[in-house]
Amino acid sequence: MEQNTHIIKNQQETEAFGVQLGREATPGMVIALTGDLGTGKTTLTKAIAKGLGIDRTVTSPTFNIVKGYDGGRLPLYHFDVYRIGDPEEMYELGYEEYFYGEGVCVVEWADQIEEIIPEDALKIHIEYGEKEGERIYRCTF
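**Student:** I keep staring at the packing of aromatic side chains and nothing clicks. Help me out?
**Tutor:** To describe a pair of aromatic rings, one takes the distance between the centres and the angle between the planes. Enumeration according to the criterion identifies seven aromatic pairs in this entry. With a centroid separation of 5.3 Å and 90 degrees between ring planes, the pair formed by Phe79 and Tyr98 is classed as edge-to-face. Of this pair, Phe79 sits in strand β4 (residues 76–80) while Tyr98 sits in helix α4 (residues 95–99), placing them 19 residues apart in sequence. Using a relative accessible area of 0% as the deciding quantity, one classes Phe79 as buried. Seen in terms of ring centroids, Tyr95 and Phe99 are 5.0 Å apart; in terms of plane orientation they differ by 75 degrees. Their pairing is edge-to-face. Residue Tyr95 and its partner Phe99 are both found in helix α4; the two are separated by four residues, about one turn of the helix. Assessed through its relative accessible area of 4%, Tyr95 is described here as buried. Every member of this aromatic cluster is reached through a ring pair, and the members are Tyr77, Phe79, Tyr91, Tyr95, Tyr98 and Phe99. Across the ring face of Trp109, the terminal group of Lys41 is positioned such that the distance to the ring centre comes to 4.0 Å.

Given below as structure tokens:
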């Protein structure tokens, strides 16, 4: 897997990046997002949903752990695993059906369950940039 860095200057570039990811997404794709609170993981997920053709409002599934969205080219399963204390909890959710199914999974706070993230997952670590609104995406895919 190749590593590359993208400097994202603003909200429009975040959306363009995510929409492109959504358009190129394939069944069974897992996108693992990491980064500090407020770096834009949910914002990127919303753009991925848009690229998949999902027109429903995407919100963080903080208390549900996973939310599903249909109506696009592929289903989207949005995970927020911030509150997962033990990857064992993911087995109870039946995560394998999602990760190895026909939809696209976006996992926020993926470092919490790193040992069960598929090897071929697209990994994006988001950091704050130097300027207001700027983000640095460190991508492995």
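**Student:** For this particular structure, what's the right way to read the side chain of Thr39?
**Tutor:** Counting through the fold element by element, Thr39 comes out in the loop between β2 (30–35) and α2 (41–51). On the basis of relative accessibility, which here comes to 3%, the residue Thr39 falls in the buried class. Dropping the residues within four chain positions of it, Thr39 is found in contact with Ile126, Glu127, Tyr128 and Arg135.

**Student:** What is the right way to read the sheet that holds strand β3 (residues 66–69) from this model?
**Tutor:** Hydrogen bonds between backbone atoms are what pair the strands of a sheet, whose relative direction is either parallel or antiparallel. The mixed open sheet is built from seven strands, whose spatial order is β1-β7-β6-β2-β5-β4-β3. Only two strands of the sheet have a single partner each, and these edge strands are β1 (3–8) and β3. Between one strand axis and the next, the sheet turns through 20 degrees on average, direction left out of account. Relative to strand β7 (residues 135–140), strand β6 (residues 122–128) runs antiparallel, the two sharing six bridges. Bridge pairing links His125 to Arg138 in β7. The sheet contacts of helix α1 (residues 11–24) involve β1, β6 and β7, and relative to β1 the element is tilted by about 140 degrees.

Conventions adopted
- Residues numbered from 1 in each chain as written.
- Predicted model: local features only at pLDDT ≥ 70, side-chain atom pairs only at ≥ 80, totals over all residues.
- Heavy atoms only, no water.
- Phe/Tyr/Trp six-rings, centres within 6.5 Å; stacked < 30°, edge-to-face > 60°.
- Helix = DSSP H or I, 4+ residues; strand = E, 2+ residues; numbered from the N terminus.
- Buried < 20%, exposed > 50% of the residue type's maximum accessible area, 1.4 Å probe, protein only.
- Lys NZ or Arg CZ within 6 Å of the ring centre and 35° of its normal.
- Contact = heavy atoms within 4.5 Å.
- Pairing = 2+ DSSP bridges.
- Axes fitted to C-alpha atoms, helices over the stretch in contact; angles between N-to-C directions.

Purely spatial values, then, with no claim about function.
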